[in-house]
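Listed below, chain by chain, are the residues.
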Amino acid sequence: MSEQIQVVGAAILDSLEHPARLLVARRTAPEQFAGLWEFPGGKVEAGEECEAALHRELGEELGVRVRLGAELHAEAPDGWRLNERASMRVWPAEITDGEPHPLEDHDELRWMDLADVQAVLGLPWIPADFPIVQALLDSLSTQVANARTS
Ligand SMILES: Nc1nc2c([nH]c(=O)n2[C@H]2C[C@H](O)[C@@H](COP(=O)(O)OP(=O)(O)OP(=O)(O)O)O2)c(=O)[nH]1
């Protein structure tokens, strides 16, 4: 049996405590994912902790340092199933250092208004990401509503 691939992704928010916007990234490769939106991140390397891998990937891909929030709850310890071979764990994150730029793997970054659920879900995400995006929106809905009224 081939080994499972562990992927980690970040739901980068403008604020972990008062989230109003989500940073999404458009992939350039491989061909099947080019032009589709995703959570920045990537594969965990051998011997690497998941959180360390996420910090590394966000530095490489976007040029930022982040603070991670509590992991988005998933049904399995290795996270959300992406395909037969890979699963992804997802952490909310807030940028603590740097301006995000599409340095690697992406050709566009976009801050999405979390209150505009239709716009967020209307993006052409990698198909496996839709349940994750929905779970993220559900998990943030109370905070987003509060951020708008405070
Ligand atoms: N980063 C990321 N990958 C995702 C998402 N959804 C999804 O199906 N994937 C898939 C695409 C890829 O098959 C895999 C992640 O691989 P990657 O290409 O981003 O990993 P990496 O940066 O470590 O790249 P490499 O070393 O393989 O070149 O997970 C997502 O939201 N974010």
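Just so it is clear, the structure is predicted and the values come from calculations on it, not from any experiment.

Q: What should I look at first to understand the site of the ligand in this one?
A: The local shell around the ligand holds 16 residues, among which Glu38, Phe39, Gly41, Gly42 and Lys43 are the closest. At the level of secondary structure, the elements contributing two or more residues to the shell around the ligand comprise strand E1 (5-13), strand E4 (41-43) and strand E7 (86-97). A per-element tally of the shell around the ligand places E4 first, with three residues. Tallied by class, the residues present in the shell around the ligand amount to eight nonpolar, three polar and five charged.

Q: Explanation requested: unusual backbone geometry in the structure shown.
A: Cis geometry is found at the peptide bond from Ala29 to Pro30, where omega equals -10°. Looking at the element boundaries, Pro30 is found in the loop between strand E2 (21-27) and strand E3 (37-38). A positive phi angle is found at Asp105, which is not glycine, with a value near 75°. Along the chain, the position of Asp105 falls in the loop between E7 and strand E8 (106-113).

Q: Hey, could you run me through helix H3 (residues 130-149) in this one?
A: Three or four residues apart is the spacing at which side chains of an α-helix point the same way, because the helix has 3.6 residues per turn. The end-to-end C-alpha distance of H3 is 27 Å, a good match for the 28 Å that 20 residues give at a rise of 1.5 Å each. Of all the bends in H3, the greatest, near 55°, is centred on Ser141. Every buried residue of H3 is listed here: Ile132, Val133 and Leu136. The inward-facing, buried residues of H3 abut E1, strand E6 (80-81), E7 and helix H2 (117-122).

Q: Can you help me understand the environment of Leu114 in this one?
A: You can see Leu114 is positioned in the loop between E8 and H2. Owing to 24 C-beta atoms within 10 Å, Leu114 belongs among the buried residues under this scheme. When the C-alpha positions of Leu114 and Leu23 are compared, they lie 9.9 Å apart, and in sequence the two are 91 residues distant.

Q: Help me out: how do you make sense of the nonpolar core in this one?
A: As a rule of thumb, nonpolar side chains are buried together in soluble globular proteins. Counting 29 residues, the largest nonpolar core has Ala10, Ala11, Ile12, Leu22, Val90 and Ala93 as the members making the most contacts within it. When residues of this core are traced back to their parent elements, those giving at least two are E1, E2, helix H1 (50-62), E7 and H3. If you tally residues by element for this core, the top one is E1, at six residues. Setting aside its immediate chain neighbours within four residues, Ala11 contacts Leu22, Phe39, Leu72, Val90, Pro92, Ala93 and Leu136.

Reading guide: rules and limits
Position numbers for residues count from 1 along each chain, tracking the sequence in the order it is written. Where totals are concerned, whole chains, interfaces and linings use all residues; where local detail is concerned, this predicted model gives features only for residues with pLDDT of at least 70, and gives and counts side-chain atom pairs only at 80 or more. Here, nearness means that the C-beta atom of a residue, built from backbone geometry, sits within 6 Å of the molecule or strand in question. Numbering of helices and strands starts at the N terminus; helices are DSSP runs of H or I of at least 4 residues and strands are runs of E of at least 2. Put simply, Ala, Val, Leu, Ile, Met, Phe, Trp, Tyr, Cys and Pro go in the nonpolar bin, Asp, Glu, Lys and Arg in the charged bin, and everything else, Gly too, in the polar bin. Working rule for helices: expected span equals 1.5 Å times residues minus one. Bend, at a single residue, is the angle you get between axes fitted to the 7 residues ending at that residue and the 7 residues starting at it. We call a residue exposed when 12 or fewer other C-beta atoms sit within 10 Å of its C-beta, buried when the count reaches 20 or more, and partly exposed for counts in between; the C-beta positions come from the backbone. Here, residue contact means that the backbone-derived C-beta atoms of the two residues sit within 7 Å. In this description, a nonpolar core means buried residues of the types Ala, Val, Leu, Ile, Met, Phe, Trp, Tyr and Cys, linked to one another by C-beta atoms lying within 7 Å.

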